[in-house]
Amino acid sequence: MSGKLSIEDIREKLAGRTGEQYWRSLDELADTEEFRSAMQNEFPTDAPVWEDPVSRRRFLHLMGASIALAGLSSCVKQPDEKILPYVKQPEYLIPGKPLTFASAFTMSGFATGVLVTSHMGRPTKIQGNPDHPASLGAADTFSMASILHLYDPDRSQVVRRNGEITTLDKFLAQLSGALDAQKALGGSGLRILTGTVTSPTLAWQIESLLKEYPKAKWHRYEPAGIANEREGSRLAFGEAAQAIYNFEKADVVFSLDADFIAEGPAHLKYAREFSERRRVRGAKANINRLYCAESFPTVTGSVADHRLPVRASRITDFANRLAAVLGVDGAPSSQLSDGEEAWITAVADDLKAHRGASVVIAGAYQPPSVHALVHGINEALGNVGTTVSFVRPAEFDPDPAGSSMTALIEDIAKGQVDLLVIAGGNPVYDAPAELQFADAIEKVGMSVSLNIYNDETANACGWHVPESHYLEAWGDARAFDGTASIVQPLIAPLYNTMSVYELLAEMTLRSGKKGYEIVREYWKDHSMKSAGAADGDFESFWNRSLNDGVVPGTASPAMAARFRGTEVIVAAWKAPDAWKSGSPVRISFPGSEVEVMFRADPTIGDGRFANNGWLQELPKPITKLTWDNAAFVSPSLADSIGVHDEEIVLIEVNGARCLIPALILPGHPPDSITLHLGYGRSHAGRVGNGAGVNIYPLRFSTTASWATASIVRTGQYSKLARTQDHHSMEGRPIVRSATVTEFETDPKFAREMSHVPTKAESLYPGHEYDGYKWGMSIDLNSCTGCNACVIACQSENNIPVAGKDQVLNGREMHWIRIDRYYSGDLDNPDIHSQPVACMHCENAPCEPVCPVSATSHDSEGLNVMVYNRCVGTRYCSNNCPYKVRRFNFLQYSDVEHPTVQMMQNPDVTVRNRGVMEKCTYCVQRISAARIDAKKEDRSIRDGDVVTACQSACPAQAIVFGDLNDPLSEVSKAKSQPRDYGLLAELNTSPRTSYLARLTNPNPALGGAEKGREG
């Protein structure tokens, strides 16, 4: 917001509205002259391509890395090369026919099953594996975007010693000498630092290494891992346990700062199960109910029936009070306000009314005491054994007493570390600030970094070895429930790289064994029988594991976890001051003390995806910010200290400072600030370097989740690229929502709001479809706004990234956008998400205005684009009421560089500058299904065509198929009373329609009849 209107003025404008109104941003509510001008000026003729020379150089960097992957076309003539045909073509390889292989993507150590599409030996697309328990066929943004890292020219490609290029042989020779010296010392000077390890093979290798060097130590560190959850289970049960929740059986869910739909190793499973319980079939809406008390507006909070913004340190109070109301023995006492007490009492009553059919879950950033208490609450509610179960943890844990990062730094300071091997991770960048990890490395005799990038840690270490991408290397990993998968490569290493398995083999066997041999040896000699393979039948076992993407019989055994009582928790948990909750802070200006919360960024995580252009440009859920992080504040806090959108503020924590632009976020807790980690990288690569602000210097071991901070305005501003006001529909009724009660009273409320005449006259000729008639339905009651469909579409359709400067000009290229709307007040509004792509209208306004017929209607109802006919008039976009067309203003895509060609989907045209792009309903997939059906002399069956967005969706909110088939899933969806067309009153007859969202509020909390927009 420009600051021309105060928060108080906006509140008055909002209060003056009648009925339920939906709004996108504070700027829209303020309705300033600047905002109106931006909305009216859809194609600004005076918008500069470059604002300054630095921005132009930035564009060249973008075009030289990650998203465009290699840059503007080179003018250097390539050397003549001979190409030869196959002398003996592999029998399984058919030119033009893609193959699919099962593998596993790991995030913070935990595996998610994926299916990787390969075109002529080139991985081009990642999707979910329906046979994997952590995937169930869905995929998240991180796994799908990880393919960019494989082809990223910023990847580390050579071994370096003190920054100078050297050879792998020289490194292995020095490593061998260092290990020989440690042999005589029993390994007392050897340290291994990894992230979370669930790989059975890697754990076996590390165990073998520690046996050979009994005095060596293995340390583990994750900047945003599951340490709190695991320690909480130890407090609750006396031993570590992994809780597994069954949301399909849960009628009532209470989230204590847990974004379980979008975060964690089981979030795809949880999103699928939760959304299944939001599905409405028929005129009765038997859906679950979700309560959220959370410290930041999240994907999970956006679909809650009741959401309460609470600063992170006070979640403990809510957990304590809930336990007390539910009768958990010895529950600690906590004070809540009168309104909070009424809220938590209503939640407790609802949970008690659904004993054995409810779930209470705590967030990863909450202290172990909260996690432990939640286990006691679930036991008291009778949920254990129905909606909650426990298994042995999937990760391999070194000795907790001596494996921390702090213990490693202490040993280095004492001069006890001669050889430090860092296998993955970037502790120089993301370790707690007080540890000063970069300074510590200088005191180590030989330091080694194995990483896919030459990052901050690699630059600080004496040796850096490039790591193989997971699509290039053999390996294995376990899912949240212990189920193991073989990580199967699809392509030979592009560079002279090593996997972590090969590095550990060199440290133990000195044999030069390759990953394939190492992984097979483990499963053959150590775990084949326990995994269910018969003696002498290893090949069948191995082939089945590779084919299915899961190793049979490897899920962790169930465990009987018994809550030890709150007295044990209180006695065992020694909370540092930072974890303790307190009374609300007093706000004063100019040096206000507030609570600052540290969270992994929703799109680039803890920083490991900073050089990924797809994820950098992906609008973050809720905030719609791209290419940056910000200090998120509530409207009330902004009003108190006088800060405006994009104003740079100075934040200080424990003497450490950072300057970062502020953003006012409705629904944020009023007395805290949220800072997202992962930005401000210096050695991420050309895409990630310099983007955003590094928050890790403010984050200390004892304040890893939140801390007390001061905030001071600077009066200076910095532009932030947000998409929330792009393509505005100017107040027209877009989102349709109602309560369950309203729906059951008036099932067709969504259609009635469109005011579509029964017999609408039209200038358009009618269309008859003798064959197929393709259409799509999107269920807003299931959709969570997680962005998976956006990345799936981008990967499938070779969609380029434009860069921050172009996003600021409104020129992002996504074919699908997730519109975010608010309704209600500023401090705690309801949040609505709506995916919007080309509607493929029957009466498409874009078609008659194109002077060259580049956009036209085909015989199956698709609104198709003929790229080589488009001359770039943009009339079609101007005439589109949905604003779903993207004009390729610049040569965003490189059509010549071989690296780009390796990644691109050959079934989709790579567009040049000056053409219009949009969703095609994945016409290439329709064509492939048509060819397969024709070969089998049959029609295309329902389910044969699955669009990219549909296949990725964890919530299964998207259905696609033939509308001429009354038994197809899409026909059934469109026959539901909640079905409505977006802006159908314009008589465009959109082929994509929506099922309106329903909420299930608790009458005891009010809001059972909220009213809806007319």
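The structure displayed is predicted, hence computed values, not measured ones.

## Some details on the packing of helix H8 (residues 200-212) against helix H19 (residues 500-508)
Then, in step 1: At a minimum axis separation of 10 Å, H8 and H19 run at an interaxial angle of 20°. Relative to H19, H8 is oriented roughly parallel. Regarding H8 and H19, the two cross each other, and that crossing is left-handed. Judged by residue contacts, Thr201, Leu202, Gln205, Ile206, Leu209 and Glu212 of H8 engage Val500, Tyr501, Leu504, Ala505, Met507 and Thr508 from H19.
Then, in step 2: Taken together, the residues of the contact of H8 with H19 break down into 8 nonpolar, 3 polar and 1 charged.

## Comments concerning helix H10 (residues 267-276)
Then, in step 1: For H10, a buried count of 9 out of 10 residues is recorded, marking the element as mostly surrounded by other parts of the structure.
Then, in step 2: Listing the buried residues of H10 in full gives His267, Leu268, Lys269, Tyr270, Ala271, Arg272, Glu273, Phe274 and Ser275.
Then, in step 3: Looking at the buried residues of H10, the elements they touch are strand S3 (110-119), strand S9 (242-245) and strand S11 (289-294).

## Comments concerning the sheet that holds strand S16 (residues 446-451)
Each strand in a sheet pairs with its neighbour through backbone hydrogen bonds, running either in the same direction (parallel) or in the opposite one (antiparallel).
Then, in step 1: The 7 strands are arranged S6-S5-S17-S16-S15-S7-S8 in an open sheet whose pairing can be described as mixed. Edge positions in the open sheet fall to strand S6 (164-166) and strand S8 (217-220), since each of these has one partner strand only. With direction set aside, neighbouring strand axes in the sheet form an average angle of 20°.
Then, in step 2: Bridging between strand S5 (residues 159-161) and S6 involves 3 bridges; their strand directions are antiparallel. Counterpart to Arg161 in the pairing with S6 is Glu164.
Then, in step 3: Its contacts with the sheet put helix H15 (residues 405-413) on strand S7 (190-194), S8 and strand S15 (419-423), and the angle it makes with S7 is roughly 150°.

## Some words on the state of the cysteines
Then, in step 1: Evaluated as defined, the whole model comprises 0 disulfides.
Then, in step 2: The closest cysteine sulfur to the non-disulfide-bonded Cys783 is located on Cys953, 6.5 Å from its own sulfur.
Then, in step 3: Cysteine Cys870 remains unbridged, with the sulfur of Cys876 as its closest cysteine sulfur at 6.4 Å.

## Things to note about the sheet that holds S11
Then, in step 1: One open sheet holds the 4 strands; their spatial order is S12-S11-S10-S13, and the pairing between them is parallel. Of all strands in the sheet, those with a lone pairing partner are strand S12 (306-309) and strand S13 (358-362), marking the two edges. For this sheet, the mean inter-axis angle between neighbouring strands, taken without regard to orientation, is 10°.
Then, in step 2: The sheet contact formed by strand S10 (residues 252-256) and S11 spans 5 bridges and is parallel. Looking at S11, one finds that Val253 is bridged to Leu290.
Then, in step 3: Sitting on the sheet, helix H12 (residues 315-325) touches S10, S11, S12 and S13, and the angle it makes with S10 is about 140°.

## Here we look at the confidence of the model for the chain
Then, in step 1: For the chain, the mean per-residue pLDDT works out to 84, and 83% of the residues sit at or above 70.
Then, in step 2: Taken together, the stretch residues 43-84 has pLDDT below 50 and engages in 81 contacts with residues farther than four places along the chain or on a different chain.
Then, in step 3: Segment residues 581-591 is flagged for pLDDT under 50; beyond a separation of four residues in sequence, or across chains, it makes 26 contacts in the model.

## Some points on the pairing of strand S2 (residues 99-107)
Then, in step 1: Both S2 and S3 contribute to a ladder of 9 bridges, which runs antiparallel. Within S3, the position partnered with Thr106 by the bridge is Ala111.
Then, in step 2: In this structure, the hairpin formed by S2 and S3 is closed by a connection of 2 residues, where Ser108 is found at a positive phi of approximately 55°.

## Some details on the pattern of salt bridges
Then, in step 1: On inspection of all chains with the given rule, the structure shows 49 salt bridges.
Then, in step 2: Across the pair Glu273 and Lys269 runs a salt bridge whose closest N-O atoms are separated by 2.8 Å. With Glu273 and Lys269 both in helix H10, this residue pair falls 4 residues apart, about one helical turn. Lys269 carries the same exposure label as Glu273, and that label is buried.

## Some words on the environment of Gly301
Then, in step 1: Residue position: Gly301 is located in helix H11 (residues 299-302).
Then, in step 2: With 41 residues separating them along the chain, Gly301 and Phe260 place their C-alpha atoms 9.7 Å apart.
Then, in step 3: What Gly301 contacts, discounting residues up to four positions off in sequence, is Cys292, Glu294 and Arg307.

## A few points about the packing of helix H7 (residues 168-185) against H19
Then, in step 1: Between H7 and H19, the least distance of the axes is 9 Å, while the angle of their chain directions is 50°. In terms of their interaxial angle, H7 and H19 are classed as oblique. Crossing hand, H7 versus H19: right-handed. Counting all contacts with H7, which are made through Phe171, Leu172, Leu175 and Leu179, the residues of H19 involved are Leu503, Glu506 and Met507.
Then, in step 2: Split by residue class, the contact of H7 with H19 holds 6 nonpolar, no polar and 1 charged.

## So, the side chain of Glu617
Then, in step 1: Along the chain, Glu617 turns up in helix H23 (residues 613-617).
Then, in step 2: Although Glu617 is buried, it makes no salt bridge; Arg886 carries the closest opposite charge, 9.0 Å away.
Then, in step 3: In terms of polar contacts, Glu617 uses its side chain to reach the backbone amide nitrogen of Ala802, at 3.0 Å.
Then, in step 4: Leaving out residues up to four positions away in the same chain, Glu617 has contacts with Thr626, Trp627, Val801, Ala802, Gly803, Val807, Glu812, Met813 and His814.

Parameters at a glance
Residues numbered from 1 in each chain as written. Predicted model: local features only at pLDDT ≥ 70, side-chain atom pairs only at ≥ 80, totals over all residues. Heavy atoms only, no water. Axes fitted to C-alpha atoms, helices over the stretch in contact; angles between N-to-C directions. Helix = DSSP H or I, 4+ residues; strand = E, 2+ residues; numbered from the N terminus. Parallel < 35°, antiparallel > 145°, perpendicular 65-115°, else oblique. Left-handed = near helix turned anticlockwise from the far one by under 90°. Contact = heavy atoms within 4.5 Å. Nonpolar A, V, L, I, M, F, W, Y, C, P; charged D, E, K, R; others polar. Buried < 20%, exposed > 50% of the residue type's maximum accessible area, 1.4 Å probe, protein only. Pairing = 2+ DSSP bridges. Disulfide = S-S within 2.5 Å. pLDDT = per-residue confidence, 0-100. Salt bridge = Lys/Arg side-chain N within 4 Å of Asp/Glu carboxyl O. Lys, Arg positive; Asp, Glu negative; His and termini not counted. Polar contact = N/O pair within 3.5 Å; in protein donor to acceptor, adjacent residues only side chain to side chain.

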